[in-house]
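Close look at the chain arrangement
Listed below, chain by chain, are the residues.
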Amino acid sequence: MYSQSGIAGSTGRANWYATDWEGKRHWSIARLFLVVLCVSLLLSLAFTYLRAPVYRSTATLLIAPPPTFSDGSQEFNQQYVAVQSQLLTNRQLLESTWQVLQSNSFPDLFPDLSQPQIQQMLQVELLPQNIVLLHVTGTDKMAVQPIASTWLANYIEMQGTGIDDTQQETLSTLEQENRNLIAHLNSKRSEIEAFAQQHKITSSVREENETLSQLSGLSARLAQASGEVVQARARLQSLQESELRGELAAEGDIARELAAMKSQAAKLKGKLDRLRQRYTAAYMAKEPTMAAMQDEYQLLQSSIGAVLKEAHQEALQIAARELSQAQALQRGLQEQLSQSDQKIREFTENFLKYEEMRRELQRLEEMVHAAGEKLVAETVGNRNRAPRITVLDPPQVPDQPIYPHYGRDAMISVAGSLLLALVCSWLYLGYLRNRIWIMPATADSVRVNSLQLAAQARQGLPGATGGHLLEDRSVYEANQLPSAQPQPQILQPGHIDALLQVAVPSTRILIALLVSGVRPQELPQLSIQDFDAESRSLKIAGRQQRLLTVSETVATMLQAFSQGHPDGGCIWQDGEGQRLSVDELEAMLRCAAIDAGLAQGHSIGLADLHFTYLTYLVGQGLRLGELGAIAGTLDSATLQFLSHFVPSGGGLALAQINPHYPLPAAVASRSVAHNSEQS
């Protein structure tokens, strides 16, 4: 224990050190401001005034399409002018311009001017109303105007001589295409004629050809024969049904004979009926004339029945014979038709090919006709096809450079230098503020700081966190772990980011794994093979065996590290390939904390980062019983201490919170970049 007087004396010496440190800090900021301002002004002003001036000579043209091409619309005019702008920069015009400039016309201005240099100097700008600007830009004030004038003159000359050459070339091309099409057309006609003769195709109408005509005749005869079979069968069936009903029929002469006999019998029957009305049957049987009439009537009835029966049988025979003949004819025609099927199929295939060849011939005839019309139109067309070019403003020798603007750029340089100096000073001031606890290393100052922090913590004053605790120190004093365990510290996210900024790749992975659920004593046993990049999972072996799912940032860091170490093995090892111990890993972390300028960086350990991650999980409302799935089994004292960080409305499951500690994505990018540099 230190006495109050000891604290007061030490405090006085510490105040002297602080005042001296404050003065040095102000002088260092002013010196940095002046140095940055002077260096920035020197460089920016030198860059501004050492740049060579750039001059430009411009010609203004009005280009209108020829009347034969123009349809009067503004859109067509714009498209035509756009085509002309491409002609202004084509290779032929550039070569012509370069050759003129290399001639004796300008022996002193362009001694070493190359064609690529001319191409870089020329620029075409399109304006509304068919106006075109020709710009020539260069560092020689007297050279840009002759180049622009030569360029313009060559373009006008090319438009005058190029139209005739183009038209003659077009006519030659069209004539050659027309000749080729006619030759192809004649060849195709000969091919079609030979094909038609080979396969006996005499008409373009399929049914008019000999093969199909024969088929049509056979089909018609077969249809007729089939109809006759149907009729003969129906007649025979009708006669047979009449016989069954007792209705006999006769045809032809027999029918007429039967009709006469029936007529005679009817007359006799009429006479007998009248006689029966006057005489009795007995009298009629005895009277010879009447008896003869009755016998004659009976004989006529018998004769009619016999003749009718004989005629019916003859009709049945005739009907059966006609049916047999019709069926024989039908079978013969069917056999002939079946024998012709193969020929018909072959003819159909050949006729389809013939039709396809005729369609191709028709297309060729249309192409020949169109080519002939195009050739005629090109031959008799208007030869005045050159664009109408009007020079509105010829190129002039420039008076002032277009670039750079020395006065404006000098003002920008001064303003930018002042801003840069202010930003650098502000950043340096922030750096000094972060290191306010790191004063000149004396025993008195260190002791005073420790006693002041302890007193402020007991009084619950602000600042007891030592610049890096997340909660008020009174929370820890009210709910301390047993004295056998060291009191953990909870780092702020900004301090973890600062650690990651200055740490080497292996230390960054160490920090990332501690805030991902790995316990400090498990770190030395981890190897690259424990990480599965596909599932973003990290296998933890040992007594607290579990499988951790890391964030995308941590996964990217591990994947980049594994690509840089394809032979695998332990993540942290020395030059001889031996695993680093927990103490060596803790020393790596403390070096990073000191490099980051954190207050009391020498006291930050692995357990502090791990405990910071546990409070991050519990602070989201995670149930204490769910911590084992990530951090392994925790002792009761640690769980009781963590219970004071559970917010109201806690008791959430692991799936209901975000288990990944928020790490800046730039850390992963730096790991990938470092791995690329190593490769």
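This text goes with the structure placed above it.
Every value quoted in this text rests on a predicted model; they were computed, and no experiment measured them.

Conventions adopted
- Residues numbered from 1 in each chain as written.
- Predicted model: local features only at pLDDT ≥ 70, side-chain atom pairs only at ≥ 80, totals over all residues.
- Heavy atoms only, no water.
- Patch = residues over 30% accessible without salt bridge, like charges linked within 9 Å, V, L, I, M, F, W, Y side chains within 5 Å.
- Areas by Shrake-Rupley, 256 points an atom, 1.4 Å probe, with all protein chains shown as cover.
- Salt bridge = Lys/Arg side-chain N within 4 Å of Asp/Glu carboxyl O.
- Lys, Arg positive; Asp, Glu negative; His and termini not counted.
- Charge placed at Lys NZ, Arg CZ, Asp CG, Glu CD.
- Helix = DSSP H or I, 4+ residues; strand = E, 2+ residues; numbered from the N terminus.
- Buried < 20%, exposed > 50% of the residue type's maximum accessible area, 1.4 Å probe, protein only.
- Axes fitted to C-alpha atoms, helices over the stretch in contact; angles between N-to-C directions.
- Left-handed = near helix turned anticlockwise from the far one by under 90°.
- Contact = heavy atoms within 4.5 Å.
- Nonpolar A, V, L, I, M, F, W, Y, C, P; charged D, E, K, R; others polar.
- Core = buried A, V, L, I, M, F, W, Y, C linked by side-chain atoms within 4.5 Å.
- Pairing = 2+ DSSP bridges.

With that settled, the discussion passes to a negative patch on the surface. The grouping of D574, E576, D583 and E584 at the surface amounts to a negative patch. Locating D574 in the fold gives a position in the loop between α16 (552–564) and α17 (582–595). Of the residues examined, D574 reaches a relative accessible area of 33% and is grouped as partly exposed.

Closest axis-to-axis distance for the helix α15 (residues 505–514)/α16 pair is 10 Å, and the angle between their directions is 145°. With respect to the hand of their crossing, α15 and α16 are arranged in left-handed fashion. Here α15 contributes R508, I509, A512 and L513 to the contact with α16, which in turn contributes V554, M557, L558 and F561. Per-class residue counts for the contact of α15 with α16 are 7 nonpolar, no polar and 1 charged.

So, on to the nonpolar core. Ranked by internal contacts, the top residues of the largest apolar core, which has 58 residues, are I496, L499, L513, L523, L526, L538 and W572. Elements with a contribution of two residues or more to this core: α14 (493–502), α15, β6 (537–540), α16, α17, α18 (606–619), α19 (628–631) and α20 (636–642). Top element by residues in this core is α18. It accounts for 8 residues. Aside from chain neighbours lying at most four places away, what touches L513 is V518, L523, L526, L538, V554, L558 and W572. Counting 23 residues, the second largest nonpolar core, distinct from the first, contains I63, Y80, L134 and Y155.

Strand order in this open sheet of 4 strands is β2-β3-β1-β4, and the pairing throughout is antiparallel. If you trace the sheet from one side to the other, it starts and ends with β2 (122–127) and β4 (388–393), each paired once. Averaged over all adjacent pairs, the angle separating strand axes in this sheet is 30°, with direction ignored. By the bridge criterion, 5 bridges tie strand β1 (residues 55–64) to β4 in an arrangement that is antiparallel. Paired with T60 across the two strands is D393, which belongs to β4. Against the sheet, helix α2 (residues 74–88) touches β1, β2 and β3 (131–138), its axis set at about 175° to β2.

Taken as a whole and judged by the stated rule, the model has 12 salt bridges. Residue R51 pairs with D409 through a salt bridge whose shortest N-O separation is 2.6 Å. You can see R51 sitting in the loop between α1 (4–49) and β1 and its partner D409 sitting in helix α11 (residues 406–434), a full 358 residues away along the chain. A salt bridge links E626 to R623; its shortest N-O distance comes to 2.9 Å. What makes E626 partly exposed here is its relative accessible area of 21%. By relative accessible area, R623 is classed as partly exposed at 37%. The network of salt bridges with common partners includes R51, R408 and D409.

Below, the discussion takes up unusual backbone geometry. Even without a glycine there, the phi angle at Q129 is positive, about 65°. Following the sequence through the fold, Q129 ends up in the loop between β2 and β3. Judged by relative accessible area, Q129 falls into the exposed class, the value being 57%.

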